[in-house]
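# Reading the structure
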Amino acid sequence: MSPDGNPTSVSARSVVLALAAVDVLAFVLAAFGVGGSIPSRSYVVFDVVTELILLVGLWFFWRAAWWLAIVAAVLGEVFETARSAEDLSAQRAVLLAVGLVYLALLMAPSLRHAIRPMKHAQPM
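This is a predicted model, so every value here is computed, not measured. (Residues numbered from 1 in each chain as written. Predicted model: local features only at pLDDT ≥ 70, side-chain atom pairs only at ≥ 80, totals over all residues. Heavy atoms only, no water.)

### A word on the side chain of Glu-80
Heads up, the condition is: In DSSP terms, a helix is any run of H or I states spanning at least four residues, a strand is any run of E spanning at least two, and both are numbered starting from the N terminus. The buried label goes to any residue with under 20% of its type's maximum accessible area, the exposed label to any with over 50%, and the partly exposed label to all in between, with areas taken from a 1.4 Å probe on protein chains only.
Mapped onto the elements of the fold, Glu-80 is located in helix α3 (residues 63-84). The exposure class of Glu-80 is buried, given its relative accessible area of 12%.

What follows is the structure in structure tokens.
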């Protein structure tokens, strides 16, 4: 049973682990050239470091990490859709689907409810 008392809901930590699994899947697909050419090494290193920082932030339920992950996922989907507009192959459709799964996981109710609220300034 989850902390909110709902026996069917998935824990927020499980959602973060699923996000990590989707990231690994995306990296494996990209390493095999799904969706186009294999990215440069510097891009891959930057992407891995960024994803690790976001996943650590999500593990600790930091609101800033959640927002950055959403912005990155939406921008990734927009850019991939624009890139695929003229030639939507099955490989590019797979990358779009992986991005949509990632975005859907970020919107999971258990993760959204676990994200820490912003601390407002206390009056003196």
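### Here we look at the pattern of salt bridges
Applicable threshold: Salt-bridge detection follows one rule: a side-chain nitrogen of Lys or Arg within 4 Å of a carboxyl oxygen of Asp or Glu.
Here the structure, examined in full by the defined rule, presents 1 salt bridge. Linking Glu-80 and Arg-83 is a salt bridge whose minimum nitrogen-to-oxygen distance equals 3.9 Å. Of this pair, Glu-80 and Arg-83 both sit in helix α3, 3 residues apart, which is roughly one turn of that helix. The class of Arg-83 is partly exposed, set by a relative accessible area of 43%.

### Quick word on the side chain of Glu-51
Put simply, the rule reads: Charge convention: Lys and Arg are scored as positive, Asp and Glu as negative, and His as well as the terminal groups of each chain are ignored. Every residue pair with non-hydrogen atoms within 4.5 Å of one another is taken to be in contact.
Within the element layout of this structure, Glu-51 appears in helix α2 (residues 41-59). We note that Glu-51 is buried and unpaired, the nearest opposite charge coming from Arg-83 at a distance of 14 Å. Those residues in contact with Glu-51 that lie beyond four places of it in its chain are Asp-23, Phe-27 and Tyr-102.

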